[in-house]
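Observations on the three-dimensional arrangement
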Amino acid sequence: MSSAIIEASQFIEKVAANGDLIGNWAMTFDADGNEHKLKQSMKTSKAGLEFIKSYEKLVLKPYNDGYGNWTIGYGHKITTKEAEAMKNGIDVDTADKFFQQDIKWIEDGINKNFDGVAPLLQNEFDALVSLGFNVGRHELVNSEIFDYAEVTDPSYFKNKHD
């Protein structure tokens with residue numbers, strides 16, 4: 001690992017520990033004064049996870065979601081073969097495991113693809129995860145709302161409504 005990567009990693013840890021990290025990136029400057037964004041992966045907050053669970057509802061037996069998809073747990077999509085294998089249901093721990101896997105898949109997609117002019121705030125990240133949980137990772141990162149989040153500087157809204 002190069003020393004620049006190690007230094008960047010240590011910098012992110014330091015600013016995160018000091019509470020100076022905003023959203024999913026921090027700014028730093030090299031010896032020549034050039035600005036660099038150092039990305040840090042974000043995670044969905046506890047409130048965000050609870051919100052998603054509240055509208056998904058826990059269902060321990062396979063069901064058709066109304067769009068032709070077999071689903072179980074907190075909206076976890078499964079194949080017809082999996083639905084047959086799980087016809088007697090799953091336990092809450094398994095549902096939580098599926099939920100965490102699904103959330104991580106969406107978080108990873110956002111963290112990998114987001115390159116905004118300003119960092120995401122926690123509530124903005126949570127909202128994108130919630131949307132992605134419903135529409136899918138690919139659909140989210142290729143959506144107009146994702147593009148809009150990348151080009152919008154939150155200070156624009158603050159200045160418009162002050």
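Preceding this paragraph is the structure being described.
The structure reproduced in this document is the subject of the present report.

Analysis parameters
Residues numbered from 1 in each chain as written. Predicted model: local features only at pLDDT ≥ 70, side-chain atom pairs only at ≥ 80, totals over all residues. Heavy atoms only, no water. Phe/Tyr/Trp six-rings, centres within 6.5 Å; stacked < 30°, edge-to-face > 60°. Helix = DSSP H or I, 4+ residues; strand = E, 2+ residues; numbered from the N terminus. Buried < 20%, exposed > 50% of the residue type's maximum accessible area, 1.4 Å probe, protein only. Lys NZ or Arg CZ within 6 Å of the ring centre and 35° of its normal. Axes fitted to C-alpha atoms, helices over the stretch in contact; angles between N-to-C directions. Left-handed = near helix turned anticlockwise from the far one by under 90°. Contact = heavy atoms within 4.5 Å. Nonpolar A, V, L, I, M, F, W, Y, C, P; charged D, E, K, R; others polar.

1. Let's talk about the packing of aromatic side chains
- Applying the stated rule across the entire model yields four aromatic pairs.
- Aromatic pair Phe 51 and Tyr 55: ring centres 5.2 Å apart, planes at 70°, arrangement edge-to-face. Pair noted here: Phe 51 and Tyr 55 are both in helix H2 (residues 46-56), with a separation of four residues, about one helical turn.
- Overall, the relative accessible area of 29% leaves Tyr 55 in the partly exposed class.
- Put simply, the rings of Tyr 74, Phe 99 and Phe 133 touch in pairs and so form one group of aromatic residues.
- In this arrangement the basic side chain of Arg 137 is found over the ring face of Trp 105, its NZ or CZ atom lying 3.8 Å from the centre.

2. Section: the packing of H2 against helix H4 (residues 92-113)
- With their axes 12 Å apart at the nearest point, H2 and H4 run at an angle of 115° to one another. Handedness of the crossing formed by H2 with H4: right-handed. On H4, the residues that touch Leu 49, Ile 52 and Lys 53 of H2 are Asp 96, Phe 99, Gln 100 and Ile 103.
- Partitioning the contact of H2 with H4 into residue classes produces four nonpolar, one polar and two charged.

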